[in-house]
Amino acid sequence: MAAVVLVLAGLSLGVGLMSGPGYPGKPWLRDAAAGGAQSGAEGDDGPGNDAESGTEGDGSSTAEGAERESGAEKGNAEGSGAEQREGERPAGVYKFHESEGNSLEPETLPVGQLMYVKLEEYGSSLPYFDGAGNELGRLNQGDPLEVLPWEGEMAPVYYNEDCDVAYVEARFLSPEQPGRLVRPAQAPSLPPEEAGTVSIRIYKERRDLELLSDGEVIATYSVGLGGWPWDTKNVKGDSRTPEGSYYVCVRNANSRFHLALGLSYPNKEDAVRGLENGVITKKQKQAIDRAIDAGEKPPWNTGLGGEIMIHGASEDGKGAEWDWTAGCIAVEDAVIDILWEYCRLGTEVTIEP
């Protein structure tokens with residue numbers, strides 16, 4: 001896809017989208033003495049608890065990303081505190097052009113509003129067009145853009161570092177950053193009674209969960225991870241989703257996340273690392289080893305944490321579109337309904353980076 005660049009106050013902020021049907025008729029040319037564009041940041045959702053019984057209550061739940069660009073606002077010299085020195089170009093958005101003397105002269109450009117691409121179907125993308133209707137490229141879910149005032153169905157946006165204007169369908173623009181598009185909860189290619197040895201493989205980077213029968217993929221679903229989705233889990237409350245080989249050791253039909261399949265975290269490898277790092281004692285490691293050898297639930301009350309589940313959506317509807325849990329794997333309720341039918345105690349679960 002062609003690069004789409006958001007340019008605010010002379011700074012390139014990356015691929016993006018903006019819109020706002022409530023803005024037609026406003027003066028958008030930045031005043032010669034205007035201050036730079038301002039951006040706000042939204043923090044995480046605060047402390048949360050994703051564990052079934054609360055043993056990991058110090059984990060944090062976050063919406064995807066710790067900070068988001070929240071918008072560009074018109075400023076002024078007094079409000080922004082910016083002082084213009086003699087001979088210095090005022091802050092703003094500029095496009096340079098050649099003057100009669102072949103020197104580059106700045107041209108002040110309209111300033112738009114930061115918004116995001118919000119699509120409706122998994123796998124879809126949003127085309128953007130030039131003024132003649134020729135497609136220039138495509139945008140993906142969550143891409144930010146700087147959108148100029150518009151009327152009608154098509155909104156003008158800046159799409160490159162030269163601040164050239166392209167057009168996109170305004171109905172796919174949102175002032176709020178959306179979550180990921182989620183795969184539909186399609187039925188597996190084999191019914192439960194025909195499935196062989198069932199297992200699950202989760203790919204954290206791709207945010208995918210594969211349901212397998214005798215090693216063959218029969219369904220793929222989207223997942224949400226811990227609020228810190230990178231790296232493996234090391235200690236209780238780090239909001240990380242573990243990586244390694246586990247098995248279903250608990251089935252909870254009364255989960256506050258609809259249904260839950262508890263995983264055998266920590267495993268032996270986690271216990272070795274925990275002992276080496278001083279997170280657990282030798283006695284705790286031995287207890288973990290005994291539980292894994294017996295195919296039972298390992299202790300969930302050590303410094304390594306526990307109660308890592310594959311579960312459904314939260315009470316406020318968060319499922320696979322965000323990384324929000326305290327380390328668990330979140331899926332849509334319709335997906336955990338399917339997994340519940342296929343996955344018995346002992347079902348192998350592999351979590352890849």
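What counts and what doesn't
Residues numbered from 1 in each chain as written. Predicted model: local features only at pLDDT ≥ 70, side-chain atom pairs only at ≥ 80, totals over all residues. Heavy atoms only, no water. Helix = DSSP H or I, 4+ residues; strand = E, 2+ residues; numbered from the N terminus. Buried < 20%, exposed > 50% of the residue type's maximum accessible area, 1.4 Å probe, protein only. Contact = heavy atoms within 4.5 Å. Areas by Shrake-Rupley, 256 points an atom, 1.4 Å probe, with all protein chains shown as cover. Axes fitted to C-alpha atoms, helices over the stretch in contact; angles between N-to-C directions. Parallel < 35°, antiparallel > 145°, perpendicular 65-115°, else oblique. Nonpolar A, V, L, I, M, F, W, Y, C, P; charged D, E, K, R; others polar. Arc of directions from axis to C-beta. Polar contact = N/O pair within 3.5 Å; in protein donor to acceptor, adjacent residues only side chain to side chain. Core = buried A, V, L, I, M, F, W, Y, C linked by side-chain atoms within 4.5 Å. Phe/Tyr/Trp six-rings, centres within 6.5 Å; stacked < 30°, edge-to-face > 60°. Lys NZ or Arg CZ within 6 Å of the ring centre and 35° of its normal.

**Re the overall build of the protein**
Each helix and strand in the protein was counted, giving four helices and 20 strands. Each of the 353 residues in the protein was classed as buried or not, and the buried ones make up 46%. Expressed as a percentage of contacts within the protein between residues at least 6 apart in sequence, the contacts between residues at least 24 apart total 66%. Total accessible area on the protein stands at roughly 17200 Å², and carbon and sulfur atoms take up 46% of it.

**Brief notes about helix α4 (residues 333-342)**
When α4 is considered as a whole, its buried residues turn out to be V335, I336, I338, L339, W340 and Y342. On the buried face of α4, the contacting elements are β13 (198-203), β14 (208-213), β15 (216-222), β16 (244-252), β17 (260-263) and β18 (309-311).

**Some points on the packing of helix α2 (residues 268-276) against helix α3 (residues 282-293)**
At a minimum axis distance of 9 Å, the contact between α2 and α3 shows a crossing angle of 175°. Taken together, the axes of α2 and α3 lie roughly antiparallel to each other. Where α2 approaches α3, its residues K268, A271, V272 and L275 are matched on the opposing element by K282, K285, I288, D289, I292 and D293. Of the residues belonging to the contact of α2 with α3, the class tally is five nonpolar, no polar and five charged.

**A word on α2**
Residues that lie three or four places apart on an α-helix share one face, since the helix turns once every 3.6 residues. Residues of α2 that are buried: D270, A271 and G274. Projection of α2 onto a plane perpendicular to its axis shows the buried side chains occupying an angular sector of 100°, all on one side. Opposite its buried face, α2 presents the exposed residues E269 and E276, each directed more than 90 degrees away. Structurally, α2 contributes buried residues whose contacts are with β16 and α3. The backbone nitrogen of E269 has a side-chain oxygen 3.1 Å away, supplied by the residue at the start of α2, namely N267. Backbone geometry just after α2 places G278 at a positive phi near 75°.

**Brief notes about the side chain of D323**
Structurally, D323 can be placed in the loop between β18 and β19 (329-330). Polar side-chain contacts of D323 include one of 3.1 Å to the side chain of R180. Engagement of the side chain of D323 in a polar contact is seen with the side chain of R207, the distance being 2.7 Å.

**Side note on the nonpolar core**
A general tendency of soluble globular proteins is for nonpolar side chains to be buried together. Formed by 41 residues in total, the largest nonpolar core has its most connected members in I310 and L339. With six residues, the top contributor of residues to this core is α4. Core analysis: the second largest hydrophobic core is formed by 18 residues, L145, A166, A170 and L173 among them.

**Side note on the packing of aromatic side chains**
Tallied over the entire structure, the rule returns four aromatic pairs. Between the NZ or CZ atom of R206 and the centre of the ring of Y203, over which it lies, the distance is 4.0 Å. Its guanidinium or amino end placed over the ring of W340, R251 lies 3.9 Å from that ring's centre, counting from NZ or CZ.

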